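Chain and residue survey
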Amino acid sequence: MSDDVTTGSGIPLRPVYGPDDGPQDPVRSIGEPGAFPFTRGVYPTMYRGRVWTMRQYAGFGTASETNRRYHYLLERGQTGLSVAFDLPTQMGYDSDHGMSAGEVGRVGVAIDTIDDMRTLFEGIDLGAVSTSMTINSTAAILLALYVAVADERGVDRSRLAGTIQNDVLKEYIARGTYIYPVDESLRLISDVMAFCAAEVPRWNTISISGYHIREAGATAPQEVAFTFANGLEYVRRALDAGIELEEFAPRLSFFFAAHNDFLEEVAKFRAARRLWARLMRERHDASDSSARLRFHTQTGGSTLTAQQPMNNVVRVTVQALSAVLGGTQSLHTNGYDEALALPTEESARIALRTQQILAEESGVAGSVDPLAGSWLIESLTDEIEGRARDYLARIDELGGAARAVEFMQEEIHQAAYRHQLEIESGARAVVGVNTHTEDEPEAKIAQPDYSALEREQVGRLAAFRADRDPGGVAAARAAVASAAVEGANLMPAIVAAVKARATLGEISDTLRSAWGTYDGSRLPGTHESA
């Protein structure tokens, strides 16, 4: 092995670490679990008190098919639901829109109407389950649909628990499923925060996502820095909207990736927890509750290989273990076949069993932050925190996350390019791709008939439109438009609109007409007519 060894993010690694590499002030920088700055965990007993929530991200074409998968996973010990939506739903288009053609149900479930949401959670007690919805530009509408169904079933809103991702800044930076101009999107997020603080107090109104930033090619320090830049922007916007810090900050949650560099990933999670606590204390004099970083982790989708796909079982296990040793509150483990297609029931079961084996057989849940004090881990924790702070200082100079989109995009592009060059040159080994390769038969994964699925969904949507009061829908949409223009909180109007049987696409179009759409070639906050 070369003397020049680095982590996956390019941080140099020495062969041996010693006492001089540990923290110079361990009481301040490491502390105790459950105490500021939370380096060792956000709760004193961590998994000895309660093991992490085991979620499996799932969305399969239709609401009925996805509902069957949810029951399958709940029956096998899953403790929380996580919803994947198809691209039209993410982009605010109904399944019969021209822009939806060929995409309905392909990467998640299609949700157009309140009927779809009812079907999605048929037979599931919304007051007893925690539901995470990975949705951003249309997050307010999906939350409104969920609340409306709960209202119908008589489930008090105070009992609803879960998360909407609702992190639109990372869409502009790394992913692309944005709709409205930046400032209007941020206003909608603030409206959701205020609504939930008053009406749905157990709901996490935003899951600030480093996952998609990392999947786009960012390094570990970039993932931490750009995620927190976005988080600080959301905090500022909520405060500007008149929401008290202690009303919303304790419900902020975060979403990180777990990639293959095991030691770096453990250190990243510890560094992130400490850095967020310090930033919130330094900038907002936040209480411990508002400075506590709670996060969900998903193993790295971009690390999965189509070649020798069973190798992905090992990758996912290593990644999941790093998240557990890093102190995650919630975890999704990818199916080994996700580089080929939507996960099969078999691969989803293996992914869930991976978490259960870690929790129940490995022994790692029996001690809080078991790698604390490792000279290498503590050195990497310090290094990642320092590099993330350097990025944050640069973003502050540019005016904050909403004004630094292009800077973060370029940094991610450069990191992704370097990563790809390393794979192509062989400097970065990927087992089964550029090392330990062999001829193998092509994996056969059955694919749904997406054309038939789309026809069925469009048919259901047509029947839904025919069975409603057009005047009531028009009035409800007018109320949404009025709130959008006049600055009133939009959530009550959106909840009323979905109850009046307006569709997701119709509500999105109403906001497009009021606000325009975002053109990536323009400065954040400017308008382009819809």
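Everything discussed here concerns the structure shown above.
Below or above, wherever it landed, is the structure these notes cover. (Residues numbered from 1 in each chain as written. Predicted model: local features only at pLDDT ≥ 70, side-chain atom pairs only at ≥ 80, totals over all residues. Heavy atoms only, no water.)

Roughly 1400 Å³ of volume is contained in the largest pocket. Together, 41 residues line the largest pocket, and G8, N260, H419, R428 and A429 are the ones closest to its centre. Of all the elements in the fold, those that place two or more residues in the lining of the largest pocket are β1 (5-6), α8 (211-215), α13 (311-325) and α16 (405-425). Among the elements that take part in the lining of the largest pocket, α16 stands out by supplying six residues, more than any other. In this structure, the second largest pocket encloses a volume near 820 Å³. In terms of lining, the second largest pocket is formed by 35 residues, of which the most central are R50, T53, R55, R294 and Q329. When residues of the lining of the second largest pocket are traced back to their parent elements, those giving at least two are β3 (53-58), β5 (130-134), β6 (161-164), β9 (252-258) and β10 (295-299). (1 Å grid on protein atoms, 1.4 Å probe; cavity = no way out; pocket = protein on both sides within 12 Å on 5 of 7 lines; lining within 4 Å. Points joined across faces, edges and corners; volume = space filled by probe spheres on them. Helix = DSSP H or I, 4+ residues; strand = E, 2+ residues; numbered from the N terminus.)

Moving on to the packing of helix α5 (residues 139-153) against helix α19 (residues 491-499). For the pair α5 and α19, interaxial distance at closest approach is 9 Å and the crossing angle is 60 degrees. Taken together, the axes of α5 and α19 lie oblique to each other. Helix-helix and strand crossings are classified by hand; for α5 and α19 the assignment is right-handed. Residues A140, I141, L143, A144, L145, A148 and D151 of α5 pack against M491, I494, V495, V498 and K499 of α19. Classifying every residue of the contact of α5 with α19 by side-chain character gives ten nonpolar, no polar and two charged. (Axes fitted to C-alpha atoms, helices over the stretch in contact; angles between N-to-C directions. Parallel < 35°, antiparallel > 145°, perpendicular 65-115°, else oblique. Left-handed = near helix turned anticlockwise from the far one by under 90°. Contact = heavy atoms within 4.5 Å. Nonpolar A, V, L, I, M, F, W, Y, C, P; charged D, E, K, R; others polar.)

Ranked by internal contacts, the top residues of the largest apolar core, which has 78 residues, are F228 and L252. Among the elements that make up this core, the one with the highest residue count is helix α11 (residues 262-284) (ten residues). The residues touching F228, leaving out its near neighbours within four places in the chain, are F254, F256, A272, L275, W276, L279, L293 and L392. Judged by nonpolar contacts, the second largest core, of 57 residues, contains L490, A502, I507 and L511. (Core = buried A, V, L, I, M, F, W, Y, C linked by side-chain atoms within 4.5 Å. Buried < 20%, exposed > 50% of the residue type's maximum accessible area, 1.4 Å probe, protein only.)

Of all five residues that make up β5, five are buried, and the element is covered over most of its length. The alternating pattern of β5 places S130, S132 and T134 and T131 and M133 on opposite faces, both of which are buried. Here strand β4 (residues 80-84) pairs with β5 via four bridges, running parallel. Looking at β5, one finds that V83 is bridged to M133. In the sheet, β5 pairs with β6 via four bridges, with the strands oriented parallel. Considered in β6, the bridge of M133 is made with I164. One crossover worth recording links β5 to the parallel β6 by way of α5, and it is right-handed. (Pairing = 2+ DSSP bridges. Right-handed = clockwise from strand over helix to strand, strands pointing away.)

In this section: the packing of helix α2 (residues 63-75) against helix α14 (residues 345-360). Contact pair α2 / α14: the axes reach a minimum separation of 11 Å and the direction vectors enclose 35 degrees. Like other packed secondary-structure pairs, α2 and α14 cross with a definite hand, here right-handed. Seen from α2, the contacting residues are R69, Y72 and L73; seen from α14, they are E345, A348, R349 and L352. Looking at side-chain class alone, the contact of α2 with α14 contains four nonpolar, no polar and three charged residues.

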